[in-house]
Amino acid sequence: MRLLIVEDEKRLATALARGLGAEGFAVDVAHDGTEGLHLATTNDYDLLILDLMLPGTNGYRICATLRAAGDETPVLMLTAKDGEYDEAEGLDTGADDYLTKPFSYVVLLARIRALLRRRTRGGAPVLRVGDLTLEPSARRCLRGTEEVTLTAKEFAVLEYLAVRAGQVVSKADILEHVWDFAYNGDPNIVEVYISALRRKIDAPFGRRSIATVRGAGYRLAAGHG
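Every value quoted in this text rests on a predicted model; they were computed, and no experiment measured them. (Residues numbered from 1 in each chain as written. Predicted model: local features only at pLDDT ≥ 70, side-chain atom pairs only at ≥ 80, totals over all residues. Heavy atoms only, no water.)

Participant: Break down the pattern of salt bridges for me, citing the residues and quoting the values.
Facilitator: For the structure on display, the rule yields 16 salt bridges. The salt bridge partner of Lys171 is Glu191, with a shortest N-O separation of 2.7 Å. Taken together, the residues span a long stretch of sequence, with Lys171 in helix α7 (residues 171–178) and Glu191 in helix α8 (residues 189–202) at a distance of 20 residues. The class for Glu191 is partly exposed, based on a relative accessible area of 35%. Each of Glu7, Glu9, Asp51 and Lys101 takes part in salt bridges that share partners, so that together they form one network. (Salt bridge = Lys/Arg side-chain N within 4 Å of Asp/Glu carboxyl O. Helix = DSSP H or I, 4+ residues; strand = E, 2+ residues; numbered from the N terminus. Buried < 20%, exposed > 50% of the residue type's maximum accessible area, 1.4 Å probe, protein only.)

Structural data, given as structure tokens:
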């Protein structure tokens, strides 16, 4: 999952990006509203975290602009203000949730996962593909009843495939959503993670759930052997 943080407090933005990156998210960061709006309109994000008071363009305006353009990406608004009017205004511009500073990182993460659940599979708390089960909120993977240990990045790749189960997902799409825009390494890193996933979720169980579609990408299916 790829997130955009638009926050002018650089220490806070860096801390959030580091923490969410450790959770397996790909995170882009902008420190002013103008840059944030540009990134939000030129990249495909799974969720936006917008500070309310920003230099350039404020969070209200960014959110309103995106909604007016038909962009329904979930928006979590952050603000140092505390009042019903501010919350109502944020929600009226199209924000999906609202968090007042200072806030607990644990609460922020829970809000992010809740918004992402609403966007995928009708808000289902788990993803199931055959006997493969993913619990994004707990970052837990099971094949049948047996738990499979995955790294944060492995889980992120698998989750992206699971949300689009049955569809062909290109290597470029995986790179865009699981790695941030600053990544300029070898795009074949995707193949490394696909191979690792096959060794963990398929080979020990006699499954072939991740298929390579030559020239197009990968497809996750039930995989009964």
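Participant: Any details on the sheet that holds strand β6 (residues 127–129)? Residues and values, ideally.
Facilitator: Reading across the sheet, the four strands line up as β6-β7-β8-β9 and stay open at both edges, with antiparallel pairing between neighbours. One side of each edge strand has no neighbouring strand; the edge strands of this open sheet are β6 and β9 (146–148). Taken over all neighbouring pairs, the strand axes of this sheet differ in orientation by 25 degrees on average, direction set aside. Helix α6 (residues 152–163) contacts β6, β7 (132–135) and β8 (140–143) of the sheet and is inclined by roughly 110 degrees relative to β7. Here α8 sits on the sheet in contact with β7, β8 and β9, set at roughly 55 degrees to β8. (Pairing = 2+ DSSP bridges. Axes fitted to C-alpha atoms, helices over the stretch in contact; angles between N-to-C directions. Contact = heavy atoms within 4.5 Å.)

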